[in-house]
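Descriptive analysis of the structure
The lines below spell out each chain.
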2 protein chains.
Amino acid sequence: MTRALAGNLLQVPVPELADRFDEWQKFGFDAARCPVRNVLDHIGDKWTALILISLAKEGRRFSAVQRLIPDISKKMLTQTLRDLERDGLITRHVFPTKPPSVEYRLSPLGRSVLDPLAQLVFWAESRHGEIEDARRRFDASSPA
Amino acid sequence: MTRALAGNLLQVPVPELADRFDEWQKFGFDAARCPVRNVLDHIGDKWTALILISLAKEGRRFSAVQRLIPDISKKMLTQTLRDLERDGLITRHVFPTKPPSVEYRLSPLGRSVLDPLAQLVFWAESRHGEIEDARRRFDASSPA
DNA sequence: AAGATATGGTCTATAATAGAGACTATGTTC
DNA sequence: GAACATAGTCTCTATTATAGACCATATCTT
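Parameters and conventions
- Residue numbers run consecutively from 1 along every chain, following the written order of its sequence.
- Here the convention is simple: chains get letters from A, ligands get numbers from 1, in the order in which they are written.
- Under the rules for a predicted model, residues below a pLDDT of 70 receive no local features and side-chain atom pairs below 80 are neither given nor counted, while totals for whole chains, interfaces and linings still include all residues.
- By convention in this description, side-chain values take in all heavy atoms of the structure and omit both hydrogens and water.
- Helix and strand labels come from DSSP, where a helix needs a run of H or I of at least four residues and a strand needs a run of E of at least two; each type is numbered from the N terminus.
- Categorising residues by exposure relies on relative accessible area from a 1.4 Å probe, with only protein chains included: less than 20% of the type maximum marks a residue as buried, more than 50% marks it as exposed, and the intermediate range marks it as partly exposed.
- Residue contacts are counted whenever heavy atoms from the two residues lie within 4.5 Å of one another.
- It suffices for a single heavy atom of a residue to lie within 4 Å of a molecule or strand for the residue to be listed as near it.
- N or O atoms within 3.5 Å of each other form a polar contact, as long as, within protein, one can give a hydrogen and the other can take it, and as long as residues adjacent in sequence are counted only when both atoms are side-chain atoms.
- As used here, buried area is the combined drop in accessible area, with a 1.4 Å probe, of two parts when they are placed together.
- Basic side-chain nitrogens of Lys or Arg form a salt bridge, by our definition, when they fall within 4 Å of a carboxyl oxygen of Asp or Glu.
- Amino acids outside the nonpolar list (Ala, Val, Leu, Ile, Met, Phe, Trp, Tyr, Cys, Pro) and the charged list (Asp, Glu, Lys, Arg) are all regarded as polar, and Gly is one of them.
- Alignment of copies: least-squares fit on C-alpha atoms of residues with pLDDT of at least 70 in both copies.

Our focus in this paragraph is the overall build of chain A. A tally of helices and strands in chain A yields eight helices and three strands. Starting at the N terminus and ending at the C terminus, chain A contains elements arranged as α-α-α-α-β-α-α-β-β-α-α. Burial status across chain A gives 47% buried among its 144 residues. Across chain A, every contact between residues at least 6 apart in sequence was considered, and the portion connecting residues at least 24 apart equals 35%.

This next bit is on the protein's contact with DNA strand C. In the vicinity of DNA strand C lie 19 residues, with Ser63(A), Arg92(A), Tyr104(A), Lys75(B) and Met76(B) positioned nearest. Of all atoms in DNA strand C that approach within 4 Å of the protein, 63% are sugar or phosphate atoms. Between DNA strand C and the protein, one listed contact pairs a base oxygen with a side-chain N or O atom of Lys74(A) at 3.0 Å. Here Lys98(B) contributes a side-chain N or O atom positioned 3.3 Å from a phosphate oxygen of DNA strand C. Of all the secondary-structure elements, those providing two or more residues to the surface near DNA strand C are helix H5 (62–68), helix H6 (74–86) and strand E3 (101–106) of chain A together with helix H6 (74–86) of chain B.

So, about the interface of chain A and chain B. Contacts between the two partners involve 78 residues from chain A, matched on the other side by 77 residues from chain B. Overall, the association of chain A and chain B removes approximately 7100 Å² of surface from exposure, summing both partners, and the carbon and sulfur fraction of that is 66%. The tally of links from chain A across to chain B stands at six salt bridges. Here Asp87(A) makes a salt bridge to Arg135(B), at a shortest N to O gap of 2.7 Å. For the pair chain A and chain B, the number of links is 14 residue pairs in polar contact (both at pLDDT 80 or more). For the side of chain A that touches chain B, the element with the highest residue contribution is helix H8 (residues 114–141) of chain A, accounting for 21 residues. In terms of residue class, the side of chain A that touches chain B is made up of 43 nonpolar, 12 polar and 23 charged.

We now examine the relation of the copies chain A and chain B. Of the transformation placing chain A onto chain B, the axial shift is 0.0 Å and the rotation is 180°, giving an RMSD of 0.0 Å. Within this description, the copies of the chain are treated as partners about a two-fold rotation axis. The C-alpha atom lying nearest the rotation axis in chain A is that of Gly44(A); the distance is 2.2 Å.

Here it is in C-alpha coordinates:
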(Lines give C-alpha, C1' and ligand atoms only; values in the text may rest on other atoms or scores of the structure.)
Protein backbone atom coordinates (compact mmCIF):
# COMPACT_ATOMS: atom_id res chain seq x y z
CA MET A 1 0.00 0.00 0.00
CA THR A 2 1.36 3.42 -0.93
CA ARG A 3 1.62 6.30 1.45
CA ALA A 4 -0.86 8.29 -0.67
CA LEU A 5 -3.54 5.61 -0.31
CA ALA A 6 -3.04 5.21 3.38
CA GLY A 7 -4.88 8.41 4.19
CA ASN A 8 -8.18 6.92 3.11
CA LEU A 9 -7.95 4.04 5.52
CA LEU A 10 -7.09 5.89 8.67
CA GLN A 11 -8.96 4.91 11.77
CA VAL A 12 -6.60 7.06 13.75
CA PRO A 13 -7.34 10.50 15.15
CA VAL A 14 -3.70 11.48 14.70
CA PRO A 15 -2.80 11.38 11.02
CA GLU A 16 0.89 12.10 11.41
CA LEU A 17 0.94 9.17 13.78
CA ALA A 18 -0.19 6.67 11.19
CA ASP A 19 2.40 7.97 8.76
CA ARG A 20 5.09 7.55 11.32
CA PHE A 21 3.87 4.05 12.06
CA ASP A 22 4.25 3.34 8.38
CA GLU A 23 7.87 4.41 8.50
CA TRP A 24 8.60 2.27 11.50
CA GLN A 25 7.01 -0.73 9.91
CA LYS A 26 9.36 -0.36 6.94
CA PHE A 27 12.17 -1.11 9.35
CA GLY A 28 10.17 -4.18 10.29
CA PHE A 29 10.36 -3.35 13.99
CA ASP A 30 13.78 -4.84 13.97
CA ALA A 31 14.66 -4.95 17.64
CA ALA A 32 18.24 -3.80 17.23
CA ARG A 33 17.75 -0.82 14.93
CA CYS A 34 14.24 0.40 15.73
CA PRO A 35 14.44 3.41 18.09
CA VAL A 36 10.92 2.72 19.24
CA ARG A 37 11.76 -0.72 20.45
CA ASN A 38 15.17 0.22 21.64
CA VAL A 39 13.75 2.82 23.97
CA LEU A 40 10.31 1.45 24.79
CA ASP A 41 11.77 -1.88 25.79
CA HIS A 42 13.28 0.03 28.67
CA ILE A 43 10.78 2.58 29.81
CA GLY A 44 8.04 0.06 29.14
CA ASP A 45 9.27 -2.52 31.56
CA LYS A 46 7.66 -3.39 34.85
CA TRP A 47 9.35 -0.88 37.12
CA THR A 48 10.91 1.93 35.11
CA ALA A 49 7.86 4.16 34.76
CA LEU A 50 7.10 3.79 38.45
CA ILE A 51 10.62 4.76 39.42
CA LEU A 52 10.60 7.78 37.14
CA ILE A 53 7.34 8.87 38.71
CA SER A 54 8.79 8.36 42.18
CA LEU A 55 11.63 10.70 41.35
CA ALA A 56 9.44 13.27 39.62
CA LYS A 57 9.06 15.64 42.50
CA GLU A 58 12.46 15.44 44.08
CA GLY A 59 15.55 13.34 44.28
CA ARG A 60 15.15 10.30 46.49
CA ARG A 61 17.37 7.80 48.14
CA PHE A 62 17.47 4.13 47.34
CA SER A 63 15.46 3.11 50.35
CA ALA A 64 12.96 5.93 49.86
CA VAL A 65 12.14 4.69 46.38
CA GLN A 66 11.81 1.21 47.76
CA ARG A 67 9.34 2.42 50.37
CA LEU A 68 7.27 4.10 47.65
CA ILE A 69 7.19 0.95 45.56
CA PRO A 70 6.96 -1.68 48.27
CA ASP A 71 6.84 -4.77 46.09
CA ILE A 72 9.99 -4.11 44.11
CA SER A 73 12.92 -6.29 45.08
CA LYS A 74 16.27 -4.72 45.84
CA LYS A 75 17.76 -6.53 42.92
CA MET A 76 15.28 -5.11 40.44
CA LEU A 77 15.49 -1.67 41.99
CA THR A 78 19.26 -1.68 41.68
CA GLN A 79 19.12 -3.02 38.16
CA THR A 80 16.48 -0.59 36.96
CA LEU A 81 18.23 2.37 38.54
CA ARG A 82 21.49 1.32 36.85
CA ASP A 83 19.76 1.08 33.49
CA LEU A 84 18.19 4.49 33.95
CA GLU A 85 21.56 5.92 34.90
CA ARG A 86 23.17 4.30 31.90
CA ASP A 87 20.53 5.78 29.64
CA GLY A 88 21.17 9.19 31.15
CA LEU A 89 17.68 9.60 32.60
CA ILE A 90 18.82 9.76 36.21
CA THR A 91 21.98 10.70 38.05
CA ARG A 92 23.43 9.01 41.09
CA HIS A 93 24.88 10.97 44.00
CA VAL A 94 26.75 9.33 46.85
CA PHE A 95 27.01 11.11 50.18
CA PRO A 96 29.82 10.06 52.53
CA THR A 97 27.61 9.55 55.55
CA LYS A 98 28.03 6.42 57.61
CA PRO A 99 26.63 4.26 56.18
CA PRO A 100 26.82 6.04 52.83
CA SER A 101 23.57 7.28 51.40
CA VAL A 102 22.83 7.47 47.72
CA GLU A 103 20.38 9.81 46.10
CA TYR A 104 18.93 9.41 42.64
CA ARG A 105 17.68 12.40 40.66
CA LEU A 106 16.10 12.90 37.29
CA SER A 107 18.40 14.46 34.73
CA PRO A 108 16.99 17.01 32.28
CA LEU A 109 16.58 14.14 29.84
CA GLY A 110 14.74 12.14 32.48
CA ARG A 111 12.54 15.08 33.30
CA SER A 112 11.66 15.42 29.64
CA VAL A 113 10.01 12.02 29.62
CA LEU A 114 7.61 12.91 32.41
CA ASP A 115 5.31 14.83 30.13
CA PRO A 116 4.71 12.06 27.55
CA LEU A 117 4.63 9.54 30.35
CA ALA A 118 1.98 11.59 32.07
CA GLN A 119 -0.18 11.58 28.94
CA LEU A 120 -0.22 7.83 29.09
CA VAL A 121 -0.88 7.73 32.78
CA PHE A 122 -3.72 10.21 32.53
CA TRP A 123 -5.17 8.05 29.79
CA ALA A 124 -4.86 5.05 32.07
CA GLU A 125 -6.61 6.88 34.85
CA SER A 126 -9.46 8.18 32.75
CA ARG A 127 -10.05 4.87 30.97
CA HIS A 128 -9.52 2.61 33.92
CA GLY A 129 -13.23 2.17 34.51
CA GLU A 130 -13.95 1.31 30.89
CA ILE A 131 -11.17 -1.24 30.93
CA GLU A 132 -12.45 -2.86 34.09
CA ASP A 133 -15.92 -3.07 32.59
CA ALA A 134 -14.52 -4.68 29.46
CA ARG A 135 -12.65 -7.18 31.57
CA ARG A 136 -15.75 -8.15 33.49
CA ARG A 137 -17.73 -8.59 30.28
CA PHE A 138 -15.00 -10.69 28.74
CA ASP A 139 -14.61 -12.88 31.79
CA ALA A 140 -18.37 -13.35 32.06
CA SER A 141 -18.74 -14.45 28.43
CA SER A 142 -15.73 -16.75 28.36
CA PRO A 143 -15.78 -18.65 31.66
CA ALA A 144 -12.77 -20.65 32.75
CA MET B 1 6.28 16.65 53.22
CA THR B 2 3.05 18.53 52.83
CA ARG B 3 1.38 19.28 49.54
CA ALA B 4 1.83 23.01 50.14
CA LEU B 5 5.57 22.69 50.46
CA ALA B 6 5.90 20.50 47.42
CA GLY B 7 5.47 23.36 45.00
CA ASN B 8 8.81 24.84 45.94
CA LEU B 9 10.70 21.72 45.15
CA LEU B 10 9.37 20.96 41.70
CA GLN B 11 11.85 19.91 39.10
CA VAL B 12 9.00 19.01 36.79
CA PRO B 13 7.81 21.08 33.87
CA VAL B 14 4.26 19.82 34.38
CA PRO B 15 2.97 20.96 37.77
CA GLU B 16 -0.32 19.11 37.71
CA LEU B 17 1.71 15.99 37.04
CA ALA B 18 3.66 16.23 40.25
CA ASP B 19 0.42 16.74 42.16
CA ARG B 20 -1.05 13.67 40.61
CA PHE B 21 2.06 11.71 41.45
CA ASP B 22 1.56 12.77 45.01
CA GLU B 23 -1.93 11.33 45.00
CA TRP B 24 -0.78 8.06 43.56
CA GLN B 25 1.98 7.77 46.09
CA LYS B 26 -0.59 8.04 48.85
CA PHE B 27 -1.98 4.75 47.58
CA GLY B 28 1.57 3.50 47.88
CA PHE B 29 1.51 2.17 44.31
CA ASP B 30 -0.36 -0.82 45.61
CA ALA B 31 -0.37 -3.13 42.62
CA ALA B 32 -3.98 -4.25 43.02
CA ARG B 33 -5.68 -0.90 43.50
CA CYS B 34 -3.50 1.58 41.66
CA PRO B 35 -4.99 2.34 38.22
CA VAL B 36 -1.61 3.39 36.97
CA ARG B 37 -0.06 0.06 37.70
CA ASN B 38 -3.12 -1.89 36.79
CA VAL B 39 -3.14 -0.43 33.31
CA LEU B 40 0.54 0.29 32.68
CA ASP B 41 1.48 -3.23 33.65
CA HIS B 42 -0.37 -4.22 30.51
CA ILE B 43 0.30 -1.61 27.88
CA GLY B 44 3.83 -1.33 29.20
CA ASP B 45 4.79 -4.91 28.56
CA LYS B 46 7.15 -6.07 25.89
CA TRP B 47 4.72 -6.51 22.98
CA THR B 48 1.51 -4.60 23.65
CA ALA B 49 2.57 -1.19 22.37
CA LEU B 50 4.02 -2.73 19.23
CA ILE B 51 0.81 -4.61 18.52
CA LEU B 52 -1.33 -1.53 19.05
CA ILE B 53 0.89 0.37 16.63
CA SER B 54 0.63 -2.46 14.12
CA LEU B 55 -3.14 -2.20 14.20
CA ALA B 56 -3.19 1.61 14.10
CA LYS B 57 -3.79 2.05 10.42
CA GLU B 58 -6.11 -0.84 9.69
CA GLY B 59 -7.30 -4.15 11.02
CA ARG B 60 -4.82 -6.95 10.53
CA ARG B 61 -4.83 -10.68 10.65
CA PHE B 62 -2.89 -12.77 13.12
CA SER B 63 -0.20 -13.71 10.65
CA ALA B 64 0.04 -10.17 9.32
CA VAL B 65 0.82 -8.86 12.79
CA GLN B 66 3.34 -11.60 13.21
CA ARG B 67 5.06 -10.61 9.98
CA LEU B 68 5.25 -7.01 11.17
CA ILE B 69 6.80 -8.04 14.47
CA PRO B 70 9.00 -10.90 13.34
CA ASP B 71 10.50 -11.83 16.66
CA ILE B 72 7.27 -12.31 18.59
CA SER B 73 6.39 -15.92 19.27
CA LYS B 74 2.92 -17.22 18.45
CA LYS B 75 2.37 -17.87 22.09
CA MET B 76 3.07 -14.30 23.11
CA LEU B 77 1.15 -12.91 20.16
CA THR B 78 -1.91 -14.95 21.08
CA GLN B 79 -1.60 -14.10 24.73
CA THR B 80 -1.12 -10.38 24.17
CA LEU B 81 -3.98 -10.19 21.68
CA ARG B 82 -6.25 -11.98 24.18
CA ASP B 83 -5.31 -9.57 26.91
CA LEU B 84 -5.96 -6.61 24.63
CA GLU B 85 -9.31 -8.08 23.69
CA ARG B 86 -10.16 -8.68 27.31
CA ASP B 87 -9.28 -5.08 28.13
CA GLY B 88 -11.54 -3.93 25.31
CA LEU B 89 -8.77 -2.30 23.28
CA ILE B 90 -9.16 -4.55 20.28
CA THR B 91 -11.92 -6.67 18.76
CA ARG B 92 -11.56 -10.07 17.15
CA HIS B 93 -13.38 -11.00 13.96
CA VAL B 94 -13.41 -14.54 12.59
CA PHE B 95 -14.11 -15.09 8.90
CA PRO B 96 -15.33 -18.56 7.83
CA THR B 97 -12.74 -19.05 5.12
CA LYS B 98 -10.91 -22.35 4.91
CA PRO B 99 -8.79 -22.25 6.93
CA PRO B 100 -10.55 -19.59 9.01
CA SER B 101 -8.94 -16.19 9.12
CA VAL B 102 -9.07 -13.89 12.09
CA GLU B 103 -8.76 -10.15 11.95
CA TYR B 104 -7.97 -7.91 14.89
CA ARG B 105 -9.04 -4.28 14.98
CA LEU B 106 -8.64 -1.43 17.39
CA SER B 107 -11.80 -0.54 19.25
CA PRO B 108 -12.59 3.12 19.93
CA LEU B 109 -11.02 2.61 23.34
CA GLY B 110 -7.95 1.13 21.71
CA ARG B 111 -7.76 3.97 19.24
CA SER B 112 -7.88 6.43 22.12
CA VAL B 113 -4.58 5.16 23.47
CA LEU B 114 -2.71 5.82 20.24
CA ASP B 115 -2.40 9.50 20.94
CA PRO B 116 -0.74 9.25 24.37
CA LEU B 117 1.27 6.31 23.13
CA ALA B 118 2.47 8.40 20.21
CA GLN B 119 3.68 11.12 22.58
CA LEU B 120 5.91 8.60 24.21
CA VAL B 121 7.13 7.16 20.95
CA PHE B 122 7.90 10.58 19.52
CA TRP B 123 9.82 11.28 22.68
CA ALA B 124 11.72 8.04 22.19
CA GLU B 125 12.51 8.96 18.61
CA SER B 126 13.67 12.46 19.35
CA ARG B 127 15.78 11.46 22.36
CA HIS B 128 17.16 8.27 20.97
CA GLY B 129 20.48 9.85 20.02
CA GLU B 130 20.95 11.41 23.43
CA ILE B 131 20.23 8.09 25.08
CA GLU B 132 22.71 6.25 22.90
CA ASP B 133 25.36 8.85 23.72
CA ALA B 134 24.65 8.45 27.42
CA ARG B 135 24.97 4.70 27.10
CA ARG B 136 28.30 4.97 25.37
CA ARG B 137 29.59 7.36 28.00
CA PHE B 138 28.42 5.10 30.81
CA ASP B 139 29.90 1.97 29.27
CA ALA B 140 33.19 3.74 28.62
CA SER B 141 33.52 4.96 32.19
CA SER B 142 32.48 1.72 33.89
CA PRO B 143 34.18 -1.05 31.93
CA ALA B 144 33.16 -4.67 32.37
C1' DA C 1 27.36 -3.16 76.68
C1' DA C 2 24.20 -5.83 73.89
C1' DG C 3 20.78 -5.67 70.48
C1' DA C 4 18.08 -3.63 67.07
C1' DT C 5 17.96 -0.57 63.10
C1' DA C 6 19.50 1.79 59.10
C1' DT C 7 22.48 2.32 54.96
C1' DG C 8 22.99 0.46 49.71
C1' DG C 9 23.76 -2.91 47.88
C1' DT C 10 25.31 -8.32 46.32
C1' DC C 11 24.58 -13.26 46.10
C1' DT C 12 22.13 -17.53 45.77
C1' DA C 13 18.26 -20.48 45.34
C1' DT C 14 13.71 -20.85 43.70
C1' DA C 15 9.59 -19.44 41.17
C1' DA C 16 7.44 -17.36 37.29
C1' DT C 17 7.66 -16.16 32.64
C1' DA C 18 9.06 -16.19 27.77
C1' DG C 19 10.64 -18.51 23.65
C1' DA C 20 11.40 -22.44 20.24
C1' DG C 21 9.45 -25.63 17.83
C1' DA C 22 6.35 -29.58 17.02
C1' DC C 23 1.58 -30.50 16.08
C1' DT C 24 -3.48 -29.78 14.46
C1' DA C 25 -7.14 -29.80 10.45
C1' DT C 26 -8.57 -28.45 6.21
C1' DG C 27 -7.98 -26.52 1.75
C1' DT C 28 -5.29 -24.63 -2.21
C1' DT C 29 -1.30 -24.56 -5.17
C1' DC C 30 2.69 -26.78 -7.65
C1' DG D 1 1.39 -36.19 -3.57
C1' DA D 2 4.17 -32.75 -1.28
C1' DA D 3 4.38 -28.19 0.27
C1' DC D 4 2.22 -24.20 2.13
C1' DA D 5 -1.07 -21.32 4.59
C1' DT D 6 -4.45 -20.54 8.32
C1' DA D 7 -4.72 -19.53 13.77
C1' DG D 8 -3.71 -21.43 17.30
C1' DT D 9 -2.25 -24.97 21.28
C1' DC D 10 1.08 -27.75 23.77
C1' DT D 11 5.39 -29.07 25.71
C1' DC D 12 10.09 -28.39 26.87
C1' DT D 13 13.72 -25.45 27.79
C1' DA D 14 15.95 -20.96 28.64
C1' DT D 15 15.62 -16.59 30.55
C1' DT D 16 14.21 -13.50 34.04
C1' DA D 17 12.25 -12.08 38.49
C1' DT D 18 11.58 -12.64 43.39
C1' DA D 19 12.60 -13.81 48.23
C1' DG D 20 15.62 -13.70 51.50
C1' DA D 21 20.21 -14.17 53.62
C1' DC D 22 24.35 -11.59 54.09
C1' DC D 23 27.90 -7.51 54.44
C1' DA D 24 30.27 -3.49 57.09
C1' DT D 25 29.68 0.31 59.78
C1' DA D 26 27.43 3.53 62.69
C1' DT D 27 23.74 5.28 65.58
C1' DC D 28 19.89 4.70 68.88
C1' DT D 29 17.64 2.00 72.61
C1' DT D 30 17.48 -0.45 76.72
